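What follows is each chain in one-letter form.
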Amino acid sequence: MEESLSRRIRESAESYHSFLLNQVNRAQEEERRRIARELHDRIGHGISVAHQQLALSEAYRVADSARASAKISVVQQAILETMENLRQLTSELHPQTPLRGLEKALMGFLEAVEDDGVNVALTVNGDESWAAPRVLDEAFLIVREAVRNALSHGGPAMILVRVNIAPHELFASVQDNGCGFDQAAVRGHGGVGLTSMRERAELLGGRAVVSSEPGQGCLVELFIPLARQPRGPGDV
């Protein structure tokens, strides 16, 4: 009986040890994916903006020195923000500062990446207080990535950005009339940007849907369910 009991104890211990190892491996994988998202969306974005604005400043250097100087100012700001994001990411001492407002953040981003050859329109409807700060922050990163992808790879003449916030859902879309792409081919290459958008949405219980075909532009739609806000004593 003692031998049978000891064998069962060993088997249980080995099973529990295997379970713990699986949990550790899962946690490590989640952390690697989180760091990849943060590096791509926060650090990579700042570097991309700085590079783009430097190229524009060089183009304006002779014909429009004032505009060239303005682009250099944007570069300096992008570098400062990237340095701050990198410091926060590496130290992990405190979370990313929440957005002061989704609409303001999007307007600031669109001004930073302004391109004379692309007409960008932004529409934001609804009350931002219906969404938690984390939801607004993640929604901003997803929309920003969709716009950045359109500018970097789509070659569009027009980009439409829409955000509708209702008590039950935050919906956002980014539509461009660029060259589009083959989604199957992109999935095969494991693009970090599209994966990051989908993962960020899923972590909030939502989804990011990408629709595109070669020559037909691209549409990114974001759906995030919102928790009902508690009613006040005077609410009906």
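Residues numbered from 1 in each chain as written. Predicted model: local features only at pLDDT ≥ 70, side-chain atom pairs only at ≥ 80, totals over all residues. Heavy atoms only, no water.

Caption draft 1: Layout of the nonpolar core. Ranked by internal contacts, the top residues of the largest apolar core, which has 41 residues, are Val147, Leu170 and Leu222. Counting residues per element, this core draws most heavily on helix α4 (residues 133–154), which supplies 10 residues. In contact with Leu170, not counting residues within four places along its chain, are Leu102, Ala131, Val135, Leu136, Ala139, Asn164, Ile165, Leu222, Phe223, Ile224 and Leu226. (Core = buried A, V, L, I, M, F, W, Y, C linked by side-chain atoms within 4.5 Å. Buried < 20%, exposed > 50% of the residue type's maximum accessible area, 1.4 Å probe, protein only. Helix = DSSP H or I, 4+ residues; strand = E, 2+ residues; numbered from the N terminus. Contact = heavy atoms within 4.5 Å.)

Caption draft 2: Focus on empty space enclosed by the protein. Counted under the stated rule, the structure contains one cavity of 30 Å³ or more. The computed volume of the largest cavity comes to approximately 30 Å³. In this structure, the largest cavity is lined by Ile142, Val143, Ala146, Ala172, Ser173, Val174, Val220, Glu221 and Leu222. Breaking the lining of the largest cavity down by element, the ones donating at least two residues are α4, β3 (169–176) and β5 (218–225). Considered class by class, the residues forming the lining of the largest cavity number seven nonpolar, one polar and one charged. (1 Å grid on protein atoms, 1.4 Å probe; cavity = no way out; pocket = protein on both sides within 12 Å on 5 of 7 lines; lining within 4 Å. Points joined across faces, edges and corners; volume = space filled by probe spheres on them. Nonpolar A, V, L, I, M, F, W, Y, C, P; charged D, E, K, R; others polar.)

Caption draft 3: Molecular detail of the confidence of the model for the chain. Averaged over all residues, the pLDDT of the chain is 79; the fraction at 70 or higher stands at 74%. The weakest mean pLDDT in the chain belongs to helix α5 (residues 183–189) at 67; the strongest belongs to β3 at 97. Counting interchain partners and residues more than four positions distant, the pLDDT-below-50 stretch residues 230–236 has one contact. (pLDDT = per-residue confidence, 0-100.)

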